[in-house]
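Structural features, examined
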Amino acid sequence: MAKTDILDVVARKLAPFMLLFGLYLVSYGDTSPGGGFQGGVVIASGVILLAMARGVSAAERLFPMHRLSAAETAAYGVFLAAGVVGLVLGVGFLGDFTRPGWTNSPLPAARFIFLLNLAIGIKVACGVSLICMYLFRED
Amino acid sequence: MRIVEIVAMVTVALFLALILGGSHPTETPLRGHVVENGVAETGAVNLVTAIYLGYRAFDTLGETVVLMLAVSGVIFFVEQRR
């Protein structure tokens, strides 16, 4: 199937906004609908759009597979480390070791939840894009 | 074959009627606690997030393991076929 210029241009213009919207969903998961899983899938859909419209090798220049794999593992490590920090500080595994309710600041009030959302978002984004790039790759 | 389908449909309809027509306890102690104290205890305005990352973060840890297993399985089978 021949690729058209329209697909090429639209994919390249649209993908950054999809990545941005995914990051927005991840970072505002504690105040508005969204969160790590949903935002991560939106980020991954931006990567998948690039991989489908421009080819996996072009998407791999921006998001190399070994980096995605490493980022997924690192995000999982951050999640586990956040849990263990709570264990050390005496609030239990995955307990909230920051003080919630600090609302009068530009930072998110739920800092612990923001941290977990960020880790989950990175993990889901890398995982779903890895699955699709492995399936789309042809060689 | 057709009888099997009809039986399956009737079973599903009966199941749905029992589930949807049954009485739901709309006010449980747990729900009241989350609605009243969820924002103060976790800091998240979104109560869904307050539950799945505040009260049940361990559950979410298991969900991420499920995704990691899915990725590992896909990579295993794709690499095996190549």
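Let me sum up the structure you'll find in this document.

Quick notes on the rules
Residues numbered from 1 in each chain as written. Chains lettered and ligands numbered in written order. Predicted model: local features only at pLDDT ≥ 70, side-chain atom pairs only at ≥ 80, totals over all residues. Heavy atoms only, no water. Helix = DSSP H or I, 4+ residues; strand = E, 2+ residues; numbered from the N terminus. Buried < 20%, exposed > 50% of the residue type's maximum accessible area, 1.4 Å probe, protein only. Contact = heavy atoms within 4.5 Å. Areas by Shrake-Rupley, 256 points an atom, 1.4 Å probe, with all protein chains shown as cover. Phe/Tyr/Trp six-rings, centres within 6.5 Å; stacked < 30°, edge-to-face > 60°. Patch = residues over 30% accessible without salt bridge, like charges linked within 9 Å, V, L, I, M, F, W, Y side chains within 5 Å. Salt bridge = Lys/Arg side-chain N within 4 Å of Asp/Glu carboxyl O. Expected span 1.5 Å × (residues − 1). Bend = angle between axes of the 7 residues up to and from the residue.

Comments concerning the overall build of chain A
When helices and strands are counted, chain A shows five helices and zero strands. Ordering the α and β elements of chain A from the N terminus gives α-α-α-α-α. Relative to its full complement of 139 residues, chain A shows a buried share of 44%. Excluding contacts between residues fewer than 6 apart, the proportion of contacts in chain A whose partners are at least 24 apart in sequence is 62%. Split by element, the accessible area of chain A, about 7,600 Å² in all, is 69% carbon and sulfur.

Here we look at the packing of aromatic side chains
By the definition in use, this model includes five aromatic pairs over all chains. Aromatic side chains F37 of chain A and Y52 of chain B sit 6.3 Å apart centroid to centroid with 45° between the ring planes, which places their arrangement in the tilted category. Taken together, the residues span two chains, with F37 of chain A in helix α2 (residues 36-54) and Y52 of chain B in helix α3 (residues 47-55). With a centroid separation of 5.2 Å and 70° between ring planes, the pair formed by F76 of chain B and F77 of chain B is classed as edge-to-face.

Side note on a nonpolar patch on the surface
A contiguous nonpolar surface patch, about 1,000 Å² in accessible area, is contributed by V78, L80, V84, V85, L87, V88, L89, V91, F93, F97 and L115 of chain A together with F58 of chain B. A per-element tally of the nonpolar patch places helix α4 (residues 65-89) of chain A first, with seven residues. Residue position: F58 of chain B is located in helix α4 (residues 57-81).

A look at helix α2 (residues 29-42) of chain B
Helix length check: α2 of chain B (14 residues) gives 18 Å between terminal C-alpha atoms against 20 Å at 1.5 Å per residue, within 8%. Residue E36 of chain B marks the point of greatest curvature in α2 of chain B, where the axis turns by about 50°. Listed in full, the buried residues belonging to α2 of chain B are G32, V34, G38 and T42 of chain B. At its buried positions, α2 of chain B is contacted by α5 (111-136) of chain A together with α3 of chain B. Just past α2 of chain B, the residue G43 of chain B takes up positive phi, approximately 85°.

Observations concerning the environment of F37 of chain A
Along the chain, F37 of chain A and I122 of chain A lie 85 residues apart, while their C-alpha atoms are 9.1 Å from each other. Beyond its immediate stretch of four places on either side in the chain, F37 of chain A contacts I120 and V124 of chain A together with Y52, T60, E63 and T64 of chain B.

Describing the side chain of T64 of chain B
Mapped onto the elements, T64 of chain B comes out in helix α4. Judged by relative accessible area, which is 3%, T64 of chain B ranks as buried. In this view, T64 of chain B contacts F37, Y76, I120 and K123 of chain A; residues no more than four positions away in its chain are not counted.

Any functional reading would require information beyond the geometric quantities listed.
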